[in-house]
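# Working through the structure, step by step
So you can see what is in the structure, the chains are spelled out below.
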Amino acid sequence: MQADMSEQTLSSETDAAGGALTKDGVPLKRSLAKALRREKFRALLLIMPLLIFVVVSFIFPIGDMLFRSVENKIVKDTIPGTVKALESWDASTGELPDEFVFATIADDLMLAQELKLHTRLGSRLNYDQPGISSVFRKSGRRIKRLDNSMAMDALVQLNPAWESPAAWTDLQALDGFAGTFPSTSQSLRNWTRYVASEEGEDVDPAATVPYGFTYSMLYHDLKRLEPNQLQSLESDASDLFAGISDQIGDMPVDSFKEQFGKIDKGWLEIDNWQAIKRLSPPVVDSYFLASIDAERTEAGIERKPENERIYITLFVRTVFMSLVITGSCILLGYPVAYLLANLSVRASNLVLILVLIPFWTSLLVRTSAWKVLLQQQGVINDLLVWIGLVNDAGRVVMINNMTGTIIAMTHILLPFMILPLFSVMKTISPTYMRAAKSMGASDSLAFWRIYFPNTIPGIGAGSILVFILAIGYYITPELVGGTKGVFISNRIAYHISSSLNWGLAAALGSILLVLVLALYWTYDKIVGIDNVKLG
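Read on for a plain summary of the structure. (Residues numbered from 1 in each chain as written. Predicted model: local features only at pLDDT ≥ 70, side-chain atom pairs only at ≥ 80, totals over all residues. Heavy atoms only, no water.)

## A word on the environment of Phe320
Structurally, the position occupied by Phe320 is in helix H19 (residues 311-342). Residues Phe320 and Gly266, 54 residues apart in the sequence, show an inter-C-alpha distance of 42 Å. (Helix = DSSP H or I, 4+ residues; strand = E, 2+ residues; numbered from the N terminus.)

Shown next, in the form of structure tokens:
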């Protein structure tokens with residue numbers, strides 16, 4: 001680029017303002033700016049593959065994780081009518097919802113069981129309200145057996161036209177239908193989806209009479225109208241609602257509350273209804289509250305019972321053990337790195353190969369090897385018994401606890417401490433120590449005052465590598481940690497692969513991410529990230 005610019009600026013011509021021109025008459029300032037933009041664009045093209053890779057494999061997954069930790073659309077999407085009906089229910093009264101809400105959830109569950117969504121909804125609610133999943137599963141199996149014909153019979157008796165699909169077409173054609181009959185409108189949408197699933201897309205739902213649940217929704221919509229609105233219907237749609245004002249109060253309807261109570265007593269427990277209403281919004285904080293051993297109740301945010309608090313303990317244990325592992329790697333890795341930096345090239349290469357050998361061995365194999373070594377009938381305990389340090393009855397418990405996790409993970413992560421330390425130590429000139437000794441300093445004084453401060457950037461780099469790797473490990477703690485040596489990452493893996501509670505896993509992962517960033521920020525303020533070096 002410099003050669004091109006030198007060719008362009010060989011001309012001594014100037015423009016009217018006195019500015020230099022290139023050989024082809026273009027102002028030099030404009031030509032330089034164009035060349036700079038061209039170089040920046042080339043640099044952007046070079047890093048574009050890496051940028052795309054980072055966005056796709058790192059930024060998007062983190063964004064998806066954060067979204068899943070608060071997303072909760074399944075409740076509103078599966079039982080939309082019930083969510084709307086519960087808005088008028090005061091959960092703090094201690095009374096169950098009225099018959100209208102039970103009729104609405106019967107209508108919603110009829111479609112949900114057809115689309116096989118009721119089990120997913122029950123599983124989601126079960127994360128916050130244990131036991132409610134079985135309520136939804138049992139109701140899904142029996143929803144088609146519910147009596148739902150009384151409202152239909154009453155409306156047909158009022159006007160036989162309700163037996164024909166044309167009556168429903170005329171109803172939907174009324175001005176303000178969706179606003180006047182919101183529950184009926186939602187039920188008809190459910191009916192349309194139900195027919196499409198049950199009969200196929202070729203069947204026109206408008207050519208058939210809806211099921212009895214829709215008639216029940218129409219009854220409840222009529223029941224909730226003001227007298228003047230009923231009179232208006234009688235005048236505007238007399239062919240459908242003639243005499244409705246006088247008869248609506250005496251119409252017989254099915255008791256869905258009683259029928260649901262016979263299916264499962266859980267429908268008569270107010271806690272379950274409070275959980276449904278609490279989890280109705282599309283964005284909730286329940287996953288994050290569960291991640292800190294808390295829950296939202298009608299009284300506000302409260303801590304869970306003591307026997308259910310596990311996550312804060314796991315977070316504290318994870319940070320503590322990661323710090324211990326980092327400290328162990330510093331204590332064991334510093335002498336090895338010092339030895340590598342001061343040996344001859346041949347001997348240093350041999351020791352370096354020994355340090356790198358763990359990288360060539362499967363992590364699972366190394367962890368399994370420690371499982372064999374650390375167990376009570378393992379090699380280490382046998383050696384201790386053989387040399388007489390412990391008796392056979394007093395074998396040391398070094399596995400399925402924090403000790404086993406710390407030992408195994410220190411061995412696995414040790415190279416990540418040694419290599420940064422070694423690369424920094426190689427840059428320290430031996431003349432520093434000789435100069436200190438020539439001025440009367442002892443070996444220990446020269447080391448602590450001269451050599452050690454110069455290795456702190458390597459310690460910082462190794463500590464960050466080891467700590468961040470350790471805080472996210474889950475294979476090694478899972479195999480050798482038992483119940484007392486597992487990390488929060490093990491719980492995240494459990495919720496992703498076993499319980500399938502991805503929302504809670506995402507919330508735990510988000511908190512762990514924030515925790516790591518906070519520790520990184522603290523380290524930067526105390527030590528300074530600029531002092532971290534890899535050589």
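## Describing the side chain of His495
Counting through the fold element by element, His495 comes out in helix H27 (residues 488-497). Side-chain polar atoms of His495 contact the side chain of Tyr311, separated by 2.8 Å. When sequence neighbours within four positions are dropped, the list of residues in contact with His495 reads Tyr311, Leu500, Asn501, Trp502, Leu504, Ala505 and Leu508. (Polar contact = N/O pair within 3.5 Å; in protein donor to acceptor, adjacent residues only side chain to side chain. Contact = heavy atoms within 4.5 Å.)

## A few points about the side chain of Thr476
Residue position: Thr476 is located in helix H26 (residues 475-480). The exposure class assigned to Thr476 is buried, which follows from its relative accessible area of 0%. Filtering out sequence-adjacent residues up to four positions away, Thr476 remains in contact with Leu363, Thr367, Ala408, Met409, Ile412 and Gly481. (Buried < 20%, exposed > 50% of the residue type's maximum accessible area, 1.4 Å probe, protein only.)

## Looking at the environment of Ile132
Among the structural elements, Ile132 can be located in helix H7 (residues 132-142). Using a relative accessible area of 1% as the deciding quantity, one classes Ile132 as buried. Note: C-alpha distance between Ile132 and Ala275 (143 residues apart in sequence) is 9.3 Å.

## With respect to the pattern of salt bridges
A complete count under the given rule lists 10 salt bridges for this structure. Note that Arg124 and Asp128 form a salt bridge whose closest N and O atoms lie 2.7 Å from each other. In this pair, Arg124 and Asp128 both sit in helix H6 (residues 118-128), 4 residues apart, roughly one turn of the helix. Taking relative accessible area as the criterion, Arg124 reaches 5% and is therefore assigned buried. In this structure, the salt-bridge partner of Lys437 is Asp443, at a minimum N-O distance of 3.2 Å. Overall, the relative accessible area of 40% leaves Lys437 in the partly exposed class. Under the relative-accessibility criterion, Asp443 is labelled exposed at 52%. Where salt bridges share partners, they join Asp382, Asp392 and Arg395 into one cluster. (Salt bridge = Lys/Arg side-chain N within 4 Å of Asp/Glu carboxyl O.)

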